[in-house]
Amino acid sequence: MQKLAYLGPEGTFCEAALRILAPDAERMPCANVTAALEAARGGEATAAVVPLENSVEGAITVTLDELAWGQPLLITAEVLLPVEFSLLVRPGTGMPHIKRLFTHPAAITQCRGFLARELPDTVVIAAPSTAAAALEVSMPGSPYDAAIGPAIAGEHYGLVELASRIGDRDDTVTRFVKVAPPGALPEPTGADRTSLVAFLEDDHPGALLEMLSEFAVRGVNLTRIESRPTGDGIGRYFFHFDAEGHVADARVGEALSGLHRLSADVRFLGSYPRADHLAPEPKKGTANAEFAEAAEWLTWLRSGRL
Ligand SMILES: O=C(O)C(=O)Cc1ccccc1
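Remember, predicted model here, so these are calculated numbers, not experimental data. (Residues numbered from 1 in each chain as written. Predicted model: local features only at pLDDT ≥ 70, side-chain atom pairs only at ≥ 80, totals over all residues. Heavy atoms only, no water.)

Asker: I'd love a proper account of a negative patch on the surface, names of residues and values included.
Answerer: Negative charge collects at one region of the surface, where Glu201, Asp202, Asp203, Glu210 and Asp265 lie side by side. Tracing the backbone through its elements, the reader meets Glu210 in helix H8 (residues 207–216). Judged by its relative accessible area of 34%, Glu210 is partly exposed. (Patch = residues over 30% accessible without salt bridge, like charges linked within 9 Å, V, L, I, M, F, W, Y side chains within 5 Å. Areas by Shrake-Rupley, 256 points an atom, 1.4 Å probe, with all protein chains shown as cover. Salt bridge = Lys/Arg side-chain N within 4 Å of Asp/Glu carboxyl O. Lys, Arg positive; Asp, Glu negative; His and termini not counted. Charge placed at Lys NZ, Arg CZ, Asp CG, Glu CD. Helix = DSSP H or I, 4+ residues; strand = E, 2+ residues; numbered from the N terminus. Buried < 20%, exposed > 50% of the residue type's maximum accessible area, 1.4 Å probe, protein only.)

Asker: Explain the UniProt feature "domain: ACT" (unreviewed entry) in the chain to me, using residue names and the numbers behind them.
Answerer: Within this structure's numbering, the places UniProt gives as "domain: ACT" (unreviewed entry) are residues 196–273. For residues 196–273, the helix share is 29%, the strand share is 36%, and the end-to-end C-alpha distance is 15 Å. (UniProt positions renumbered as here; feature names shortened; annotations may be inferred.)

Asker: Provide a residue-level description of the sheet that holds strand E7 (residues 100–103), including the pertinent values.
Answerer: Judged by pairing direction, the sheet is mixed, and its five strands sit side by side in the order E8-E7-E9-E6-E10 without closing on themselves. Sheet topology places strand E8 (123–126) and strand E10 (160–163) at the edges, where each strand pairs with a single neighbour. The sheet shows a mean angle of 35° between the axes of neighbouring strands, taken without regard to direction. The sheet contact formed by strand E6 (residues 86–89) and strand E9 (residues 146–149) spans four bridges and is antiparallel. Residue pairing for E9: Ser86 is matched across the bridge by Gly149. Sitting on the sheet, helix H6 (residues 130–138) is in contact with E6, E7 and E9, with an inclination near 155° to E9. (Pairing = 2+ DSSP bridges. Axes fitted to C-alpha atoms, helices over the stretch in contact; angles between N-to-C directions. Contact = heavy atoms within 4.5 Å.)

Asker: So what's going on with the pattern of salt bridges? Residues and values would help.
Answerer: Within this structure, the stated rule accounts for 19 salt bridges. Across the salt bridge formed by Arg165 and Glu84, the nearest N and O atoms sit 2.9 Å from each other. Highlighted residues: Arg165 in the loop between E10 and strand E11 (173–180) and Glu84 in the loop between strand E5 (74–82) and E6, separated in sequence by 81 residues. Here Glu84 falls in the partly exposed class, since its relative accessible area comes to 43%. Residues participating in the shared-partner salt-bridge network are Glu53, Glu78, Arg175, Arg193, Arg224, Glu226 and Asp242.

Asker: Run through the site of the ligand, naming residues and quoting values.
Answerer: The environment of the ligand is made up of Leu7, Thr12, Phe13, Cys14, Phe85, His104, Ala106, Ala107, Ser129, Thr130, Thr174 and Phe176. In the environment of the ligand, an oxygen atom lies 2.9 Å from a nitrogen or oxygen atom belonging to the backbone of Cys14. Residue Thr130 places a side-chain N or O atom 2.5 Å away from an oxygen atom belonging to the ligand. Here the ligand loses 100% of its free accessible area of 310 Å² to cover by the protein chains. (Near = heavy atom within 4 Å. Polar contact = N/O pair within 3.5 Å; in protein donor to acceptor, adjacent residues only side chain to side chain.)

Asker: Run through the nonpolar core, naming residues and quoting values.
Answerer: Grouped together as the largest cluster of nonpolar side chains are 30 residues, with contacts concentrated most on Phe85, Leu87, Leu101, Ile148, Ile166 and Phe176. Of all elements in the fold, only strand E1 (3–7), helix H1 (13–21), strand E3 (47–54), E5, E6, helix H5 (112–118), E9 and E11 reach the threshold of two or more residues within this core. Here this core gets four residues from one element, more than from any other, and that element is H1. Core analysis: the second largest hydrophobic core is formed by 24 residues, Cys30, Val50, Leu73 and Phe199 among them. (Core = buried A, V, L, I, M, F, W, Y, C linked by side-chain atoms within 4.5 Å.)

Asker: How would you explain the sheet that holds strand E12 (residues 192–199) if you had to name every residue and give the values?
Answerer: The four strands lie next to each other as E13-E14-E12-E15, forming an open sheet whose pairing is antiparallel. Of all strands in the sheet, those with a lone pairing partner are strand E13 (222–229) and strand E15 (266–273), marking the two edges. Within the sheet, the average angular offset between the axes of one strand and its neighbour, ignoring direction, is 15°. Here E12 pairs with strand E14 (residues 237–244) via seven bridges, running antiparallel. Each bridged residue has a counterpart across the sheet, and for Leu196 the counterpart in E14 is Phe241. Sitting on the sheet, helix H3 (residues 61–68) is in contact with E12, E13, E14 and E15, with an inclination near 80° to E13.

Rendered as structure tokens:
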């Protein structure tokens, strides 16, 4: 049976995502994203499930950075989870009692409107996860008066739901990914996504444009692009790309070869089925059969037997 490390403790959104991806897996809750990924790297877990991006706030940067550095891991699956936030308190706590609130930074940014409107004077403190915050608030003598998290975390830790659906938008979706040590890639399904990281070999005008052109000229659509600091000083960045298609697709494979020619430092983060099952229609001239036909034509030219 597979054992999946995830951002714990019990009751996180991450656990809900894991249950969708692998209902029968053994679960290994971890204190943070780094620990979950380390468990997958070290073999204590088969794989890890971690949050990657959010439809309102964008990237979960700790995940992007952890995947870019250290021992390589490959994304093998993704899931899109609608997230609903609840305000969770110990029984007997009312709104006026909430002086200190504890929750995950992604929940803080997605409940900004509610916090400004209903709890303008409350001090908001970042927690390792929503369920870690709920667990902490449930402790007698906790320095925190409330948590924001999934209703299920409130139930699990004996808290009361003082308000529900407090997110700024009620259609917020978080994308979680399953990552495993390098191994066989998931088969192409026709509706896939490929993730990678590219470091600039030398900084010059148009360096990013050159990278983007590798995708553009082959009709590969990007679904996410992110720049992250390398840590080597102000102005030094590397890039995350999510592209439509599978590395087994000629257009994606050729775009990756093109990137490799531009920069020796390209980290492949996997090709895996899209959770939304959207299968893009390849642009004219970029289908696998068209690449194969063009390669045959080139072989013929090179043979000189015109
Ligand atoms: O803390 C959690 O429950 C998580 O899974 C991370 C998170 C927090 C807020 C929105 C989406 C994911």
